[in-house]
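# Coordinates in review
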Amino acid sequence: MLQGEVLRLDFGRVPYRPVWAFQQALAAAVAGGLAPEAFLLLEHEHVYTFGRGGNLAHLLASPEALGSLGADVVLSDRGGDATYHGPGQIVGYLILSLRRRGIDAHRFVRGVEEIILQALAGWGITGERIAGLPGIWVGRHKIAAIGIRVSRGVSYHGFALNVNTDLSYFQHIVPCGIQGRGVTSMQRELGRAVPLEAVRAALAAACATVFTLHLRQPAPPELALLQDLGLAPHWLLPSLPSCTSHTT
């Protein structure tokens, strides 16, 4: 796979909708050769999202009831069905030019799966792929969901790995539309909480290996470029200098 420098952007805990808009704008800019590719690592506030082919019947509570739990409901443009994002879950969004790298969507998804498998293995957790069931599994329980979109040859959206996630929030959906199976987390599998920053580092290292990337922090001119393009909302910028001091 093509080598190249990719920005690592750590955004802390942020709402879903603005980050979705950020990804769309950045993907368009990457497709036009106006901005660098990026790997976003973050947590979301409580939210339930549905992919383009999602079935709203897999939402088991009303939006009003979920709102009382502090959770939003969003119809997204990613692939896949229903999922939950929230605190303690690490979300990774890869904005890569698959066209320039010669990677098709299937190969890209397999690469995203491999990132998660390698990161889990570093913690002694054996994840697996199961034919016909998207995501990464530990036994009969899903530990990571994957949903992507490719537009003009550029990927966005990505994966969500349950680290210290409150799994009770999954009771309000049929996760990924798959009946008869459960969800799990790294915390549940290991019997203890896991440092989120260490898992972020493991995911970044695996991403660099799988896609042959050099992940680095953005330079001030690149931050200025993102800002000029309208791709760096004011609520994101304060988190970047401190969070992106970690490089792979």
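Our structure's up above, just so we're on the same page.
Residues numbered from 1 in each chain as written. Predicted model: local features only at pLDDT ≥ 70, side-chain atom pairs only at ≥ 80, totals over all residues. Heavy atoms only, no water.

## Notes on helix H4 (residues 105-121)
- An ideal rise of 1.5 Å per residue puts 24 Å on 17 residues; H4 measures up with 24 Å between its terminal C-alpha atoms.
- Structurally, the start of H4 carries an N-cap: the backbone nitrogen of His106 is 3.3 Å from a side-chain oxygen of Asp104. (Helix = DSSP H or I, 4+ residues; strand = E, 2+ residues; numbered from the N terminus. Expected span 1.5 Å × (residues − 1). Polar contact = N/O pair within 3.5 Å; in protein donor to acceptor, adjacent residues only side chain to side chain.)

## Side note on the layout of surface pockets
- In this model, the largest pocket occupies a volume close to 340 Å³.
- Taken together, 24 residues line the largest pocket, and the ones lying closest to its centre are Gly79, Gly80, Ile146, Gly147 and Ile148.
- Counting only elements with at least two residues in the lining of the largest pocket, the list comes to strand E5 (82-85), strand E6 (89-95), H4, strand E8 (133-138), strand E9 (141-151) and strand E10 (154-162).
- Counted by class, the lining of the largest pocket contains 12 nonpolar, 9 polar and 3 charged residues. (1 Å grid on protein atoms, 1.4 Å probe; cavity = no way out; pocket = protein on both sides within 12 Å on 5 of 7 lines; lining within 4 Å. Points joined across faces, edges and corners; volume = space filled by probe spheres on them. Nonpolar A, V, L, I, M, F, W, Y, C, P; charged D, E, K, R; others polar.)

## Thoughts on the sheet that holds strand E3 (residues 47-50)
- Sheet architecture is open: 3 strands sit in the order E4-E3-E5, paired in mixed fashion. Here the strands that pair on one side only, and so sit at the sheet edges, are strand E4 (72-75) and E5. Ignoring which end each strand starts from, the neighbouring axes of this sheet average 25° apart.
- As judged from the 4 bridges shared by E3 and E4, these two strands associate in the parallel manner. Paired with Tyr48 across the two strands is Val73, which belongs to E4.
- This element, helix H1 (residues 16-31), spans E3, E4 and E5 of the sheet and lies at about 25° to E4. (Pairing = 2+ DSSP bridges. Axes fitted to C-alpha atoms, helices over the stretch in contact; angles between N-to-C directions. Contact = heavy atoms within 4.5 Å.)

## Some details on the pattern of salt bridges
- Enumeration over the complete set of coordinates arrives at 11 salt bridges.
- With a closest N to O distance of 2.8 Å, Asp10 and Arg8 form a salt bridge.
- Here Asp10 falls in the buried class, since its relative accessible area comes to 1%.
- Arg8 sits in the buried class, given a relative accessible area of 2%.
- The salt bridge partner of Glu113 is Arg110, with a shortest N-O separation of 3.6 Å. One end of the pair is Glu113 and the other is Arg110, both in helix H4 and 3 residues apart, which spans about a single turn.
- Glu113 gets classed as buried once you look at its relative accessible area, which sits at 9%.
- A cluster of three or more residues bridged by salt bridges with shared partners is formed by Arg8, Asp10, Glu197 and Arg200. (Salt bridge = Lys/Arg side-chain N within 4 Å of Asp/Glu carboxyl O. Buried < 20%, exposed > 50% of the residue type's maximum accessible area, 1.4 Å probe, protein only.)

## Here's the deal with the nonpolar core
- In this structure, Leu94, Phe108, Leu161, Met186, Leu203 and Phe211 are the most contacted members of the largest nonpolar core, which totals 36 residues.
- Only strand E2 (38-44), E6, H4, E8, E9, E10, helix H6 (196-210) and strand E12 (213-216) provide two or more residues apiece to this core.
- Among the elements that line this core, the one with the most residues is H4, at 7 residues.
- Sequence-distant contacts of Phe108, defined by excluding residues within four places in its chain, comprise Leu94, Leu96, Leu98, Ile103, Ile148, Ser155 and Phe211. (Core = buried A, V, L, I, M, F, W, Y, C linked by side-chain atoms within 4.5 Å.)

## Quick look at H1
- For H1, spanning 16 residues, the distance from its first C-alpha to its last is 23 Å, which sits close to the expected 22 Å at 1.5 Å a residue.
- Buried within H1 are the following residues: Tyr16, Val19, Trp20, Phe22, Gln23, Leu26, Ala27, Ala29 and Val30.
- The first or second residue beyond H1 is Gly33, which carries a positive phi of 75°.

## Some remarks on the environment of Ala205
- Relative to the helices and strands, Ala205 is located in helix H6.
- For the pair Ala205 and Leu215, spaced 10 residues apart in sequence, the C-alpha to C-alpha distance is 8.5 Å.

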